[in-house]
Amino acid sequence: MKRAALQGVRIADFCWLWAGAYATGLLAILGAEVIKIESMARVDPSRKMTVTIGHAFEGVDHSPVFNSINLNKLSIKLNLKQPKAVELAKKLVQISDVASQNMRPGAMDKLGLGYEALKEVKPDIIMLSSSSFGAEGPLRRYGGYAPSFAAYSGLTHLTGYSDAPPNPMTGSTDLMSATTGAFAILAALNHRQATGQGQHIDLSSVESLAVFTGDALMDYIMNGRVRTRRGNRDDVMAPHNCYRCRGDDNWVSIAVSTEEEWQALCRVMGNPGWARDRKFSDARGRWQNQEELDALITEWTVNYTHYELTGMLQKAGVAAFPSLSNQEIFSDPHFKERKLAVEVEHPVMKKQVVLGAPWKLSETPAEITKASPTMGENNEYVFGELLGMPGSEIKRLMDEQVIY
Amino acid sequence: MPDKALSHLKVLELCDLVCGPYCTKLLADLGAEVIKIEPPGIGDKARQRGPFLNDIPHPERSGLFLYLNTNKSSITLDIGTSKGRDILKQLIKQADIFVEDNPPRMMKELGLTYKELKKINPRLGMTSITPFGQTGPYRDYKAFEMNLYHAGGEGYLLPIQSPDLSREPVKAGGLVGDCICGLSSAIATLAATYNMKETGMGQYIDASKQDVLMTMVLLEIAMYANLGVVRSRLARPLLMPVPMECRDGYIMISALTDREWEDLVKLMGNPSWSKDEKFSQWLLRHTHGDELNPHIEEWLKPFQKDELFHHLQENALAAAPVNTSEDLVHSAQMASRGFFAEVEHPEAGKLKQPTAPYKFSKTPVKIERAAPLLGQDNEAVYCGLLGYSKQELAKLKESGII
């Protein structure tokens, strides 16, 4: 087996929910040993239910949602309300490179597990603290889920149709914040590798999405313009939209960026008479009249399937692609060949399909080596092997509901 | 001790527009030395795109370019010429990371594949960011951010909670699709450099934008394989709050748990409708969301969004105003965290810019240099770094290579 990129990196993972779990989940896929610190006294809600489809799971080890974002990780039980559990958590941090958490700012400090406390037991520790608004600033104590931090960030306002209310997107905004956390940890790891210095990272989920609206922010700063949502439309490109196709709720996205591509689109459409109309004769005209243009293009696209149109247009050098549903994705030949989806064997749920890493690293492949852990699956390895505790002591702490 | 996290890394960027430049911006803002290679004459196409200062198009006054290229150097080089490619290879010899976003076919035709480049520098980490990756039937397909948002599976689901399917699915707002792909590619890139410093071994990273965007909705996608659930934009995620209209805009309220629901009911003054059996637990409230939401909207109508925001948050409810860019620029929270920094640019003047979403305690992000003018570092790089004489540089300029 090849080496993993982050082999030898250990993470004491106090994260939960999506925005926390997927940050260290990405690093686990890159080969870090991520030990999730959980407790029956405070169960990760994603083990219990899915807010996406309103479904409660039968037990804490029955969640495909939790499984999808906690792959390759280990799990131990520690009830951090117990002082003895806090001491054990510190011992784990002492032999870790990174600690990560996404409780409300101040909560870890209250438990005695704030950055200052962890630095005392492990001076070069890297600690990621991720929260809705960040650990500093007047709103630091305010909480939030993905829909609220997306709203505050400005992204919600920019998503949706121009003549309809703003739209909060899906849970993707949680995973985007998590992706930011994974990047920040890796930057700090690279720095520590070069200098030996650890540090604390204060991440704001609001800001992790606000940076994705740089064009709108710059437009306001430079020109005082407050941009609003505009569906699929672009600053300069037209046509640039999704067009209805043959079939049930099937759509193809088409974007034209040059005169050459426009001519190619016209050819594929069979050079209809309307395309020679003066108002469509240059990029500016097409942009100014794009609503009319979109209606005319739709008269053509409804005769074909989204895949047929994609084939015809791509062959002619025009950017086009179906708007894919989750069902269609699984029968798409490219998706199959890229092998983004893999099967894992979960100890309780058995066969589960999950999505792996979105990149292919030639020398250190980012692979799914195991399903998500069951609650406390690795108590023995972590407390016994890593921390060197005898079995009798582990048992006693279980009875005392410290390891719980 | 260096005060920048990545000051030990040398990066070469051969990218255009948003995604690739955002990837290297993340590295540059944390201290990596990034040299941006632009085609002579026009440069990065982002220079041709707005928003422009005062709405007047100018290649050095594009807000998009200024935002995406802070802390970088710029050189011009025509890699379509063999001399240009020789020079590129000299630069690659000294680099830790090479990020490029060109069509796979073009890199092959130019002889700039990883297989060739690792002969020059075996420690190199090369990241190729393309719409569909280097393998598979769509590897040569053309796609812009909007196409990819729909290829990645989230576009089909937006706007979520659509009343019917009569209108087209849409992409997310802003630059999300491109930026998240740049960010994700930066993760793989830094994992590769970490591994390189441990083992001395470079490697190639094939980053597919479609794959990145699919992983952002991995739960929705996997749901089909594991639970047989087909999703559409009609879907109403559990208590995924709809933005509710109040006096001066929209507010989002998440009352997910029973505790949060009870608190909200109390704040609303325990209205009689809230005692209805069908709102008594979270699954029921989810199922009856269409009946529940109008009641809440009726209650909040007279309030302002910021007033509601603070009132609800002070009562431990996760609420937030639906902010515009204007709101964000004037947010006291953002100001207090220094999210916007003043940057001085020779052509665009002094402008605020968004910085980064994280605060590193020892190596904070600093925007020390505004985005570069086209080719502003030609002399420093060609003469200083590669040792060309000024006469040679003039000759290269004359022949259009630089």
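Residues numbered from 1 in each chain as written. Chains lettered and ligands numbered in written order. Predicted model: local features only at pLDDT ≥ 70, side-chain atom pairs only at ≥ 80, totals over all residues.

Student: Honestly, the overall build of chain A in this entry has me stumped. Any pointers?
Tutor: Along its length, chain A carries 18 helices and 14 strands. Reported as C-alpha extents along the three principal axes, the dimensions of chain A are approximately 85 × 50 × 45 Å. Taken across its 404 residues, chain A has 57% of its residues classed as buried. Restricting to contacts in chain A with at least 6 residues of sequence separation, those with at least 24 account for 69%. (Helix = DSSP H or I, 4+ residues; strand = E, 2+ residues; numbered from the N terminus. Buried ≥ 20, exposed ≤ 12 C-beta atoms within 10 Å, placed from the backbone. Contact = placed C-beta atoms within 7 Å.)

Student: Looking at this model, I keep getting lost on the overall build of chain B. Mind explaining?
Tutor: Looking only at helices and strands, one finds 17 helices and 12 strands in chain B. C-alpha atoms of chain B, sized along the principal axes, occupy 85 × 50 × 45 Å. Within chain B, buried positions represent 56% of all 402 residues. Long-range contacts, defined here as pairs at least 24 residues apart, represent 68% of the contacts in chain B between residues at least 6 apart.

Student: Which parts of the structure should I look at to understand the packing of helix 8 (residues 172-195) of chain A against helix 7 (residues 176-199) of chain B?
Tutor: Two quantities define a packed helix pair, namely the angle between the axes and the distance from one axis to the other. The interhelical angle for the contact between helix 8 of chain A and helix 7 of chain B, taken along N-to-C directions, is 25 degrees, at an axis separation of 9 Å. The angle between the axes of helix 8 of chain A and helix 7 of chain B places the two elements in the roughly parallel class. Remark: the crossing between helix 8 of chain A and helix 7 of chain B carries left-handed chirality. The residues of helix 7 of chain B that touch helix 8 of chain A, namely those facing M176, T179, T180, A182, F183, L186, A187, L189, N190 and Q193 of chain A, are I180, L183, S184, A186, I187, L190, A191, T193, Y194 and K197 of chain B. Class assignment for the residues of the contact of helix 8 of chain A with helix 7 of chain B results in 13 nonpolar, six polar and one charged. (Axes fitted to C-alpha atoms, helices over the stretch in contact; angles between N-to-C directions. Parallel < 35°, antiparallel > 145°, perpendicular 65-115°, else oblique. Left-handed = near helix turned anticlockwise from the far one by under 90°. Nonpolar A, V, L, I, M, F, W, Y, C, P; charged D, E, K, R; others polar.)

Student: Can you help me understand the sheet that holds strand 7 (residues 244-246) of chain B in this one?
Tutor: Strands in a sheet are paired, the pairing made by backbone hydrogen bonds, and the direction either parallel or antiparallel. Spatial strand order, 7-8-9 (chain B): three strands in an open sheet with antiparallel pairing. The sheet is open, and its two borders are formed by strand 7 and strand 9 (318-321) of chain B, each paired with just one other strand. Strand-to-strand, the axes of this sheet are offset by a mean angle of 30 degrees, without reference to chain direction. Two elements, strand 7 of chain B and strand 8 (residues 249-254) of chain B, share three bridges in a ladder whose sense is antiparallel. Each residue of the ladder has a partner; that of C246 of chain B, found in strand 8 of chain B, is G249 of chain B. Contacting strand 8 and strand 9 of chain B, helix 7 (residues 146-153) of chain A crosses the sheet at an angle of about 20 degrees to strand 9 of chain B. Each of strand 7 and strand 8 of chain B touches helix 12 (residues 289-300) of chain B; the most contacted strand, strand 7 of chain B, lies at about 20 degrees to it. (Pairing = 2+ DSSP bridges.)

Student: Sorry, what's going on with the environment of R229 of chain A here?
Tutor: Along the chain, R229 of chain A turns up in the loop between helix 10 (214-223) and strand 9 (240-244). Remark: the alpha-carbon pair of R229 of chain A and S148 of chain A, spanning 81 residues in sequence, is separated by 18 Å. Residues in contact with R229 of chain A, not counting those within four places in the same chain, are H157, L158, T159, G160, Y161, S162 and P166 of chain A together with G173 of chain B.

Student: Please explain the interface of chain B and chain A as it appears in this structure.
Tutor: A common way to express how large an interface is: the accessible area buried when the components associate. Listed by partner, the interface residues are 133 residues for chain B and 128 residues for chain A. Each residue belonging to the side of chain B that touches chain A can be placed in one class, and the counts come to 83 nonpolar, 33 polar and 17 charged. Relative to strand 12 (residues 358-360) of chain B, strand 8 (residues 199-204) of chain A runs antiparallel, the two being bridged by three bridges. Looking at strand 12 of chain B, one finds that D202 of chain A is bridged to K359 of chain B.

Student: I would appreciate a short explanation of the pairing of strand 8 of chain B in the present structure.
Tutor: Regular strands place their side chains on alternate faces of the sheet. Residues and elements named next belong to chain B. Burial of strand 8 is extensive: five of the six residues sit out of reach of the surface. Between strand 7 and the antiparallel strand that follows it, strand 8, lie two residues. As defined by bridge partners, strand 8 adjoins strand 9 across four bridges and the pair is classed as antiparallel. Opposite I251, over in strand 9, you have P321 as the bridge partner.

Student: What is the right way to look at the domain arrangement of chain A in this model?
Tutor: Here chain A is partitioned into domain 1 (10-212 + 339-399) and domain 2 (240-329). Taking only C-alpha atoms, the centre of domain 1 of chain A and the centre of domain 2 of chain A are 42 Å apart. (Domains from an automatic or database assignment.)

Student: It is not clear to me how unusual backbone geometry should be interpreted in this structure. Could you clarify?
Tutor: At the junction of A238 of chain A and P239 of chain A, the peptide bond is cis and its omega measures out at -5 degrees in the coordinates. Tracing the chain through its elements places P239 of chain A in the loop between helix 10 and strand 9. With omega at -10 degrees, the peptide bond leading from L158 of chain B into P159 of chain B counts as cis. Note on placement: P159 of chain B falls in the loop between helix 6 (145-151) and helix 7. Positive phi values are uncommon outside glycine, yet L17 of chain A reaches one of about 55 degrees.

Student: Explanation requested: the domain arrangement of chain B in the structure shown.
Tutor: Here chain B is partitioned into domain 1 (10-150 + 168-217 + 337-398) and domain 2 (244-321). The straight-line distance from the C-alpha centre of domain 1 of chain B to that of domain 2 of chain B is 45 Å.

Student: I keep staring at helix 1 (residues 19-29) of chain B and nothing clicks. Help me out?
Tutor: Quick reminder: α-helices carry 3.6 residues per turn. Residues three or four places apart thus point the same way. All names here are of chain B. Of all 11 residues making up helix 1, 11 are buried, and the element is well covered by its neighbours. Inspection of helix 1 places C19, G20, P21, Y22, C23, T24, K25, L26, L27, A28 and D29 among the buried residues, and these make up the whole buried set. In the segment just after helix 1, G31 is the residue with positive phi, at about 110 degrees.

Student: Teacher, can you tell me more about the environment of E220 of chain B here?
Tutor: Tracing the backbone shows E220 of chain B in helix 9 (residues 218-227). Sequence separation between E220 of chain B and C383 of chain B is 163 residues, and the spatial gap between their C-alpha atoms is 53 Å. Apart from residues lying up to four places away in sequence, E220 of chain B is in contact with T170 and N326 of chain A together with G153, L157 and R231 of chain B.

Student: Explanation requested: the sheet that holds strand 11 (residues 319-322) of chain A in the structure shown.
Tutor: Residues and elements named next belong to chain A. With antiparallel pairing, the three strands of this open sheet are ordered in space as 9-10-11. The outermost strands of the open sheet, each flanked by one partner alone, are strand 9 and strand 11. For this sheet the average axis-to-axis angle between neighbouring strands, irrespective of direction, equals 20 degrees. In this structure, strand 9 lies alongside strand 10 (residues 251-255), joined through five bridges in antiparallel fashion. In the strand pairing of strand 10, N241 is matched with I254.

Student: Any chance you could explain the environment of E307 of chain B here in plain terms?
Tutor: Residues and elements named next belong to chain B. Tracing the chain through its elements places E307 in helix 13 (residues 305-314). Since 16 C-beta atoms lie within 10 Å of it, E307 is described here as partly exposed. A sequence separation of 41 residues divides E307 from A348, and the C-alpha atoms of the two residues are 37 Å apart.

Student: Would you mind showing me how to read the confidence of the model for chain B here?
Tutor: Low-pLDDT stretches of the model should not have their predicted coordinates read in fine detail. Looking at chain B, the pLDDT average stands at 95 and 99% of residues meet or exceed 70. Per the prediction output, this complex has pTM 0.98; the corresponding ipTM is 0.98. (pLDDT = per-residue confidence, 0-100.)

Student: Whenever I open this one, the packing of helix 1 of chain B against helix 7 of chain B confuses me. Can you help?
Tutor: Residue and element names in this part refer to chain B. At a closest axis distance of 7 Å, the pairing of helix 1 and helix 7 adopts a crossing angle of 50 degrees. Regarding the angle of helix 1 to helix 7, the classification is oblique. Pair helix 1 / helix 7 crosses with right-handed handedness. The residues of helix 7 that touch helix 1, namely those facing C19, G20, Y22, C23, L26 and L27, are D178, C179, C181, G182, L183, S185 and A186. Class assignment for the residues of the contact of helix 1 with helix 7 results in nine nonpolar, three polar and one charged.

Student: Help me understand the pairing of strand 1 (residues 10-13) of chain A, please; the structure alone is not making it clear to me.
Tutor: Residue and element names in this part refer to chain A. Note that strand 1 and strand 2 (residues 33-38) share four bridges and pair parallel. If you follow A12 over to strand 2, its bridge partner there is I35. Bridge analysis of strand 1 against strand 6 (residues 98-101) gives three bridges, and the strand direction is parallel. Within the sheet, the bridge partner assigned to I11 lies in strand 6 and is V98.

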